[in-house]
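Observations on chain architecture
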Amino acid sequence: MNKPRKICSNLNFHNASPRPCPYIEGRKERLVFTDLTKFVSKKILENLVSQGFRRSENIFYKPKCPDCNACISSRIVLNDFVISKNFQRILRKNQDLKFKIVKPKTTLSHYKLFKNYLKLRHSKGDMADMTYLDFRTMLEISPVDTKIFHVYKKNIFFGAMLYDIYENSYSANYSFFNPKYKNRSLGTFLILKLIEEAIKEKKKYLYLGYYIKECKKMSYKINFKPIEILKDQKWENF
């Protein structure tokens, strides 16, 4: 890692060592990051998110690859969001499910579902070898107001969305769900329900992370319209 740099406020930013890109085979990923173990204001946190940073536990990071710009920050403009006919079908298909918002709390049943989800959907990803302690750390350690959106039916747990709450926005951090219910489109359903919650709480944006055209599991985000992308440090309609 290089000597720390200043990007905003009094935060120190570092360049991480290159590693294989988790999204595009054959490329190297380079990240710039800051550790927010110490207290920082809500304004600074939202500023980081608006600059394209993502959160993992106490770390805020974003790609800084010299030869690649495939990772593009994206966010939904909530006041203008359009529920397409396909989205309406997904909502109807899952109207038998219930949901609740809880504080991040880890259980073994959730961990088992998480591992099953990774095995069937992301078996070659960085998270494939995560232990129960890793999973608990991912869910419960955060310098931000973080909640989990649970979807269930009776005593059956269908999936969850981990998300961060900022003054003017939500940020979808990570989701996992039971892959055997493929026809329910649970990944999209979780985002739609989070959009409903964000609109109810009068937020302006829902940050979805990075849109990557070359990566199928990251390219779905353009289905949510209108969506903005961060280009040359400015948000514009995509």
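In short, a report on the structure. All values derive from a computational prediction rather than experimental measurement.

**Focus on the side chain of Thr 146**
You can see Thr 146 is positioned in strand β10 (residues 145–153). Looking at Thr 146, the relative accessible area reads 6%, which means it is buried. Of the polar contacts made by the side chain of Thr 146, one reaches the side chain of Ser 142; its length is 2.7 Å. Setting aside chain neighbours within four positions, we find Thr 146 in contact with Arg 55, Pro 104, Leu 162, Tyr 163 and Asp 164.

**What to know about the pattern of salt bridges**
Two side chains bearing opposite charge may form a pair once their charged atoms approach each other closely. Scanning the entire structure with this criterion turns up eight salt bridges. For the salt bridge of Asp 96 with Lys 153, the shortest nitrogen-to-oxygen distance reads 3.0 Å. Here Asp 96, found in the loop between α2 (85–93) and β9 (98–102), pairs with Lys 153, found in strand β10; they are 57 residues apart in sequence, far enough to count as distant. Judged by its relative accessible area of 30%, Asp 96 falls in the partly exposed class. Of the charged contacts, one joins Arg 184 and Asp 96 as a salt bridge, the two residues approaching to 2.8 Å between their closest N and O atoms. Remark: Asp 96 occurs in the loop between α2 and β9 and Arg 184 occurs in the loop between β12 (169–177) and α5 (186–200); sequence separation between them is 88 residues. Using a relative accessible area of 12% as the deciding quantity, one classes Arg 184 as buried. Each member of the salt-bridge network shares a partner with another, and the members are Asp 96, Lys 153 and Arg 184.

**Description of the pairing of β10**
In the sheet, β9 pairs with β10 via five bridges, with the strands oriented antiparallel. For Val 102, the partnering residue across the bridge sits in β10 and is Ile 148. Bridge count for β10 against strand β11 (residues 156–165) is nine bridges, and the pairing is antiparallel. Within β11, the position partnered with Thr 146 by the bridge is Asp 164. Hairpin remark: β10 followed by β11, antiparallel, with two residues in the connecting loop; positive phi at Lys 154, about 55°.

**Quick word on α2**
For α2, the complete set of buried residues consists of Phe 87, Ile 90 and Leu 91. Down the axis, α2 shows its buried residues gathered within 100° of arc, on one side only. On the buried face of α2, the contacting elements are α5.

**Focus on the nonpolar core**
Formed by 43 residues in total, the largest nonpolar core has its most connected members in Phe 114, Phe 176, Ile 195, Leu 206 and Phe 224. Counting residues per element, the ones that place at least two in this core are α2, α3 (108–121), α4 (132–140), β10, β11, β12, α5 and β13 (205–211). For this core, the leading source of residues is α5, giving eight residues. Here Phe 224 is in contact with Ile 76, Phe 81, Phe 87, Thr 188, Ile 191, Leu 192, Ile 195 and Leu 208, once residues within four sequence places are set aside. With 16 residues, the next largest nonpolar core counts Phe 13, Phe 60, Tyr 166 and Trp 235 among its residues.

Cut-off values and rules
- Residues numbered from 1 in each chain as written.
- Predicted model: local features only at pLDDT ≥ 70, side-chain atom pairs only at ≥ 80, totals over all residues.
- Heavy atoms only, no water.
- Helix = DSSP H or I, 4+ residues; strand = E, 2+ residues; numbered from the N terminus.
- Buried < 20%, exposed > 50% of the residue type's maximum accessible area, 1.4 Å probe, protein only.
- Polar contact = N/O pair within 3.5 Å; in protein donor to acceptor, adjacent residues only side chain to side chain.
- Contact = heavy atoms within 4.5 Å.
- Salt bridge = Lys/Arg side-chain N within 4 Å of Asp/Glu carboxyl O.
- Pairing = 2+ DSSP bridges.
- Arc of directions from axis to C-beta.
- Core = buried A, V, L, I, M, F, W, Y, C linked by side-chain atoms within 4.5 Å.

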